[in-house]
Protein chains: 2
Amino acid sequence: MNKLNEQICEVCRVGAPQVTDEEIAWLKPQVPEWKIVKNDGIKKLTRTYSFANFREAINFTQKVGALAEEQGHHPALLTEWGKVTVTWWTHKIRGLHRNDFIMAAKTDLLI
Amino acid sequence: MNKLNEQICEVCRVGAPQVTDEEIAWLKPQVPEWKIVKNDGIKKLTRTYSFANFREAINFTQKVGALAEEQGHHPALLTEWGKVTVTWWTHKIRGLHRNDFIMAAKTDLLI
């Protein structure tokens with residue numbers, strides 16, 4: 001099996017299964033810096049990256065945006081002075097799909 | 001007096017006064033689409049702009065980022081598929097400064 005960050009997002013449709021607890025137990029250790037949070041009942045993967053200033057932060061936002069466009073899967077990106085918080089989840093299934101873990105792993109490669 | 005969007009941010013130091021209710025009554029109507037919200041006791045100015053897709057949203061994020069760098073005053077920018085939420089406040093005074101209204105007015109010019 002390829003490493004998570006080398007995998008490609010599959011097309012995700014409404015009704016696709018969310019990751020199970022067993023899958024999370026296997027996937028989560030591969031993105032150790034990420035946290036699973038629950039907002040409005042929706043599980044999401046989130047990580048805040050730190051930078052020296054605003055310019056570096058927004059440059060990183062651009063890189064994540066380009067990755068999102070390339071993979072056809074889009075995060076929420078909160079850009080602030082010296083930090084960017086990236087949050088992945090799958091709107092269509094209102095929760096976490098394997099794709100989100102793949103995208104988290106790919107995001108980690110951008111720093 | 002120049003229009004708000006033609007004004008320039010002044011250097012803001014710790015201890016500078018927050019805008020008064022009287023000033024807000026004069027400034028707020030000049031940025032009618034913006035809302036004043038309170039997070040963790042800090043008053044902020046926020047507006048969500050809608051776009052056709054992620055690419056347009058992140059392009060707008062870049063424009064606001066360039067404006068922020070130019071003026072030396074930085075917002076929080078939440079970029080999502082089809083929308084960007086821009087939030088201005090002044091960290092140093094933990095609230096709203098006249099600069100934030102100037103930046104809101106300038107942000108409106110970018111769309």
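One structure accompanies this document, and this report is about it. Think of each chain on its own: its residues are numbered from 1, step by step along the sequence as written. To read the labels, note that chains go from A and ligands from 1, taken in the order they are written. Only residues with pLDDT of at least 70 are given local features in this predicted model, and only at 80 or more are side-chain atom pairs given and counted; all residues enter the totals for whole chains, interfaces and linings. Hydrogens and water are ignored here; the side-chain numbers use all heavy atoms of the structure.

Some thoughts on the relation of the copies chain A and chain B
- Least-squares fitting of one copy onto the other uses the C-alpha atoms of those residues that reach a pLDDT of at least 70 in both copies. Superposing chain A onto chain B takes a rotation of 180 degrees combined with a translation of 0.0 Å along the rotation axis, leaving an RMSD of 0.0 Å. Here the copies are linked by what is in effect a two-fold axis. Looking at the rotation axis and the C-alpha trace of chain A, the residue lying nearest is A:Leu78, at 2.1 Å.

Things to note about the packing of aromatic side chains
- Here the aromatic set is Phe, Tyr and Trp, taking the six-membered ring for Trp, and pairing holds for ring centres within 6.5 Å; pairs whose planes are under 30 degrees apart are stacked, those over 60 apart are edge-to-face, and all others are tilted. On inspection of all chains with the given rule, the structure shows six aromatic pairs over all chains.
- Note on A:Tyr49 and A:Phe60: the rings are 4.7 Å apart at their centroids and 50 degrees apart in plane angle, and the pair reads as tilted. Taken together, the positions of A:Tyr49 in strand 2 (residues 42-50) and A:Phe60 in helix 2 (residues 54-71) put the pair 11 residues apart, joining distant regions of the chain.
- Put simply, the rings of A:Trp34, A:Tyr49, A:Phe51 and A:Phe60 touch in pairs and so form one group of aromatic residues.
- Cation placement over rings: the criterion is NZ of Lys or CZ of Arg within 6 Å of the ring centroid and within 35° of the ring normal. Looking at B:Lys44, its charged tip hangs above the ring of B:Trp89, at a distance of 3.7 Å from the centre. Numbering goes from the N terminus for both helices and strands, where a helix is a DSSP run of H or I of at least four residues and a strand is a run of E of at least two.

Considerations on helix 3 (residues 98-108) of chain A
All names here are of chain A.
- Only protein chains enter the calculation, and the probe is 1.4 Å; a residue is then buried if its accessible area is under 20% of its type maximum, exposed if over 50%, and partly exposed in between. Among the 11 residues in helix 3, 10 count as buried, and that is most of the element.
- Within the span of helix 3, buried status applies to Asn 99, Asp 100, Phe 101, Ile 102, Met 103, Ala 104, Ala 105, Lys 106, Thr 107 and Asp 108.
- By the convention used here, residues are in contact when the closest approach between their heavy atoms is within 4.5 Å. In this structure, the buried side of helix 3 is in contact with helix 1 (21-27), strand 1 (35-39), strand 2, helix 2 and strand 4 (83-88).

What to know about the interface of chain A and chain B
- Contacts between chain A and chain B engage 17 residues on the former and 17 residues on the latter.
- Here the buried area means the combined drop in accessible surface, using a 1.4 Å probe, for two parts upon being joined, counting both sides. In total, about 1400 Å² of surface goes out of reach between chain A and chain B, with carbon and sulfur atoms giving 63% of it.
- It is A:Phe54, A:Gln62 and A:Glu69 that lose the most area in chain A upon contact with chain B, and together they represent 32% of the buried surface on that side.
- Note on definitions: salt bridges are taken to be side-chain nitrogens of Lys or Arg within 4 Å of carboxyl oxygens of Asp or Glu. Inspection of the chain A/chain B interface yields two salt bridges.
- N or O atoms closer than or at 3.5 Å make up a polar contact, with two conditions inside protein: a donor-capable atom paired with an acceptor-capable one, and, for residues adjacent in sequence, both atoms drawn from side chains. The interface formed by chain A and chain B contains four residue pairs in polar contact (both at pLDDT 80 or more).
- Looking at the side of chain A that touches chain B, the elements with two or more residues in it are helix 2 and strand 3 (76-80) of chain A.
- No other element matches helix 2 of chain A, which puts eight residues into the side of chain A that touches chain B.
- Residues of the side of chain A that touches chain B, tallied by class, amount to nine nonpolar, five polar and three charged. Throughout, the ten residues Ala, Val, Leu, Ile, Met, Phe, Trp, Tyr, Cys and Pro are labelled nonpolar, Asp, Glu, Lys and Arg are labelled charged, and all others, Gly among them, are labelled polar.

As for the environment of B:Gln30
Residues and elements named next belong to chain B.
- Along the polypeptide, Gln 30 turns up in the loop between helix 1 (21-27) and strand 1 (35-39).
- Spatially, the C-alpha atom of Gln 30 lies 13 Å from that of Leu 45, the residues being 15 residues apart in sequence.
- Polar side-chain contacts of Gln 30 include one of 3.2 Å to the backbone oxygen of Trp 26.

So, unusual backbone geometry
- Positive phi outside glycine occurs at A:Arg94, with the angle close to 50 degrees.
- On the secondary structure map, A:Arg94 appears in the loop between strand 4 and helix 3.

Some points on the side chain of A:Thr87
Residue and element names in this part refer to chain A.
- Residue placement: Thr 87 occurs in strand 4.
- A polar side-chain atom of Thr 87 sits 3.0 Å from a polar atom in the side chain of Thr 46.
- Once residues within four sequence positions are removed from consideration, Thr 87 is found in contact with Lys 44, Leu 45, Thr 46, Pro 75 and Ala 76.

What about the packing of helix 2 of chain A against helix 2 (residues 54-71) of chain B?
- Running from N to C, helix 2 of chain A and helix 2 of chain B point in directions that differ by 170 degrees, and their axes come no closer than 11 Å. Judged by the inter-axis angle, helix 2 of chain A sits roughly antiparallel to helix 2 of chain B. In contact with A:Phe54, A:Arg55, A:Ile58, A:Thr61, A:Gln62, A:Gly65, A:Ala68 and A:Glu69 of helix 2 of chain A, helix 2 of chain B contributes B:Phe54, B:Arg55, B:Ile58, B:Thr61, B:Gln62, B:Gly65, B:Ala68 and B:Glu69.
- Of the residues contributing to the contact of helix 2 of chain A with helix 2 of chain B, the split by class is six nonpolar, six polar and four charged. For helices, the axis comes from a line fit to the C-alpha atoms of the stretch in contact; other axes are also lines fit to C-alpha atoms, and the angle between any two N-to-C directions lies between 0 and 180 degrees. In this scheme, roughly parallel covers angles under 35 degrees and roughly antiparallel covers those over 145, while 65 to 115 is roughly perpendicular and the rest are oblique.

As far as function goes, none of this settles anything; it's purely spatial.
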